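Here are the chains, one letter per residue:
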Amino acid sequence: MNTQWLNVIYDAEFGQQGVRDFTELCTGRGASTEDVLPVKSLRIRHGDDADVMNHGIDHPGGRVLAPGRELIDESHATTIDPIRHQADIQAQTETGVFRALCALARGAITREAQTKEAQTKESQTKEALTHPRSSPRYAWRSLSLDVSRYKASIEEIERVIDLLALHGMSVLHLHLTDHQSWRIPVDGFDLLSQSPDCFTWKQLDGLKHYARQRHITLVPEIDLPGHCAALLERYPELAGRPSFAHPFLSYVNVRTEESRRFLSACSRSLSRLATGAYVHIGGDEVLGIPETDFNEAMRLLQDGVHERGLKTIAWQEGCRGKETADAYQFWMDEQDIPSEESLVGAWPQQFSSIARQAAAMYALCRDDPRRLRAKGSMVIDSQQSFVYLDRKYAEQSQVPEQNERMRTLGFPGYAPKNSTEPLGWSPISDGHGGTAPGIDQSQATLTAGVEAALWTETVRSTADMDMLLLPRLALIADFAWTGNPRLTQDGALLQRMRDYAKVWTLLGYDDFYRSSSLFPRLG
């Protein structure tokens, strides 16, 4: 396989790392750069034209949630000569070069080049296509990946990292602990590491290196003080009660010295795995815990992280507590709140009282936008209705076998929705005094990042992950970069999806869902 460029011209040494990282992405997925890119030669230049390059992110109120310890300029501009098949990339950073090459690979630029090529052949002119400066609307463009329910291997996580990089995402949020398994070592609590489910530090250090090569920031999550049945199976002495009627009720006791030592050790583990400025400390769905204990657990986790020079993210339920996280992840809007009737109907009869308690807990979400505004922290928008990807598709696949597989894929409590549902989502003001459905106006100005989520309660294989992620993740990534869902609703949508499908297939993501809405002529 030829993995070398036919011709690459660098501006001094600038751009070599970005090209090298992109080449490794392609070859690691079994393709060459020549397979993936539509040009035969390339020139990389350090952008110094103020009219071309953008040195920041245009966000309302200047609120930017930078995944790293400092904001990286990801902007780039590309000029393509469609006759000579040459591309000229301008960027300020190696990450900008990498993002430009990924945009070329997925066809974001070459669709225009192909149109220009047809025009130039007709007119016999040699006008080059200049792709306008492209810079992200949000620095935080993320996927939350649950590796606790489906115990994804390191190789499968790397595969997801490559997909995020291809689509210009910037963050992978790893949900490493839950009732089903505990997957991160904690110093001093070696029974966790002895489980075959738990990664080793050697594996996780390798994952950190891999993510850096793909210009993706790792944000690890240990979800406490609830979601801890797997923990309490190994360390029952950390439990907040002698026994729990259901794992959903379990939580960590914060009143013993051993539990406090454990929470401090968790902060160290999170800080060790993080490659940027943030870690996630959980805080969601902690049913039955006394309010003072919840506050103390969040304080201990947050203080431990801050002592190590990092910042914290908590799920939106954390905003009801005394402590204030540096950012909150908003996932349940009023339209997503399940009714008591639906929960009681879904749970076995012997747990009907727990279902009613859960309904009361979820009902508190109605007032969370106000609470978030009062906290003043930045918000990562992960609205369940639009960007939770463990949801069945409403439309059929063009491949009958996929329709059969979808019978067992997707969380049964969510109503199926069309692949195009993310096109109707916007967590920010629409510029006319309103906001997208489900977003409180007071919360909209705080939104500083967007994050899709793949929960894996029904996933059994890599192919299952592909089907749930694609094509919806691509639409969410487009929005996260542009900040404008209308830019994904133009007449070229179907062509764009066909371009994406080509590169997915080249790079081995060929189990993507053949949505009849987005791929009407694709088998």
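Here's a quick rundown of the structure. (Residues numbered from 1 in each chain as written. Predicted model: local features only at pLDDT ≥ 70, side-chain atom pairs only at ≥ 80, totals over all residues. Heavy atoms only, no water.)

1. Considering the overall build of the protein chain
On a plain count of helices and strands, the protein chain comes out with 19 helices and 13 strands. Within the protein chain, the fraction of its 523 residues that count as buried is 60%. Pairs at least 24 residues apart make up 76% of the contacts formed inside the protein chain by residues separated by at least 6 positions. Surface exposure of the protein chain reaches about 20300 Å², of which carbon and sulfur atoms provide 48%. (Helix = DSSP H or I, 4+ residues; strand = E, 2+ residues; numbered from the N terminus. Buried < 20%, exposed > 50% of the residue type's maximum accessible area, 1.4 Å probe, protein only. Contact = heavy atoms within 4.5 Å. Areas by Shrake-Rupley, 256 points an atom, 1.4 Å probe, with all protein chains shown as cover.)

2. Focus on the nonpolar core
Within the largest apolar cluster, 126 residues are counted, with the highest numbers of intra-cluster contacts made by Leu224, Leu231, Phe262 and Trp504. Tallying contributions element by element places helix α5 (residues 154-166) first for this core, with eight residues. Setting aside chain neighbours within four positions, we find Phe262 in contact with Trp182, Val186, Phe189, Leu192, Leu224, Leu231 and Leu238. The next biggest cluster of nonpolar side chains, apart from the first, holds 21 residues, and it includes Trp347, Ala358, Tyr362 and Tyr414. (Core = buried A, V, L, I, M, F, W, Y, C linked by side-chain atoms within 4.5 Å.)

3. Quick look at helix α1 (residues 16-28)
Given a rise of 1.5 Å per residue, 13 residues ought to cover 18 Å, and the 18 Å separating the end C-alpha atoms of α1 matches this to within 8%. Just beyond α1, the residue with positive phi is Gly30, at close to 85 degrees. (Expected span 1.5 Å × (residues − 1).)

4. Side note on the packing of α5 against helix α7 (residues 201-213)
Closest axis-to-axis distance for the α5/α7 pair is 10 Å, and the angle between their directions is 15 degrees. Between α5 and α7, the interaxial angle falls into the category roughly parallel. Pair α5 / α7 crosses with right-handed handedness. Two secondary-structure elements touch here, α5 through Ile154, Ile157, Glu158, Ile161 and Asp162 and α7 through Gln203, Leu207, Tyr210 and Ala211. Among the residues making up the contact of α5 with α7, the classes are represented as six nonpolar, one polar and two charged. (Axes fitted to C-alpha atoms, helices over the stretch in contact; angles between N-to-C directions. Parallel < 35°, antiparallel > 145°, perpendicular 65-115°, else oblique. Left-handed = near helix turned anticlockwise from the far one by under 90°. Nonpolar A, V, L, I, M, F, W, Y, C, P; charged D, E, K, R; others polar.)

5. What about the packing of α5 against helix α17 (residues 462-469)?
Following both chains from N to C, one finds α5 and α17 inclined at 25 degrees, their axes separated by 11 Å at the closest point. Considering their axes alone, α5 and α17 lie roughly parallel with respect to each other. Between α5 and α17 lies a crossing of right-handed hand. Counting all contacts with α5, which are made through Glu156, Arg159, Val160 and Leu163, the residues of α17 involved are Thr462, Met465, Asp466 and Leu469.

6. Some points on the environment of Leu42
With respect to the secondary-structure elements, Leu42 resides in strand β2 (residues 41-46). We classify Leu42 as buried; its relative accessible area is 2%. When the C-alpha atoms of Leu42 and Ala87 are compared, they prove to be 5.0 Å apart, with 45 residues separating the residues in sequence.

7. Some details on the pattern of salt bridges
Counted by the stated rule, this structure contains 26 salt bridges. In this structure, Asp367 engages Arg370 in a salt bridge whose closest nitrogen and oxygen atoms are separated by 2.7 Å. Looking at Arg370, the relative accessible area reads 47%, which means it is partly exposed. We note a salt bridge from Asp478 to Arg496, for which the minimum N-O separation is 3.5 Å. Residue Asp478 is found in helix α18 (residues 472-482), and its partner Arg496 is found in helix α19 (residues 493-506); the two are separated by 18 residues along the sequence. (Salt bridge = Lys/Arg side-chain N within 4 Å of Asp/Glu carboxyl O.)

8. Things to note about α19
The end-to-end C-alpha separation of α19 is 20 Å, in line with the 20 Å expected for 14 residues at 1.5 Å each. Immediately beyond the C-terminal end of α19, within one or two residues, lies Gly508, with a positive phi of roughly 95 degrees.

9. So, the sheet that holds strand β10 (residues 311-315)
Pairing within the closed barrel is parallel, and its eight strands lie in the order β6-β7-β8-β9-β10-β11-β12-β13. Going from strand to strand, the sheet's axes swing by 30 degrees on average, the running direction of each strand aside. Here six bridges tie strand β6 (residues 140-146) to strand β13 (residues 447-454), and the two strands are oriented parallel to one another. Looking at β13, one finds that Ser142 is bridged to Glu451. (Pairing = 2+ DSSP bridges.)

10. Remarks on the packing of aromatic side chains
Going through the model one piece at a time under the given rule, you end up with 19 aromatic pairs. Three or more aromatic residues link up through ring pairs in this structure, and these residues are Trp315, Trp331, Tyr362, Tyr388, Phe411, Tyr414 and Trp455. The aromatic ring of Tyr138 is capped on one face by Arg137, whose charged end is 5.5 Å from the ring centroid. A cation over a ring is seen here: Arg514 above Phe512, with NZ or CZ 3.8 Å from the ring centre. (Phe/Tyr/Trp six-rings, centres within 6.5 Å; stacked < 30°, edge-to-face > 60°. Lys NZ or Arg CZ within 6 Å of the ring centre and 35° of its normal.)

Keep in mind these numbers describe shape, not what the thing actually does.
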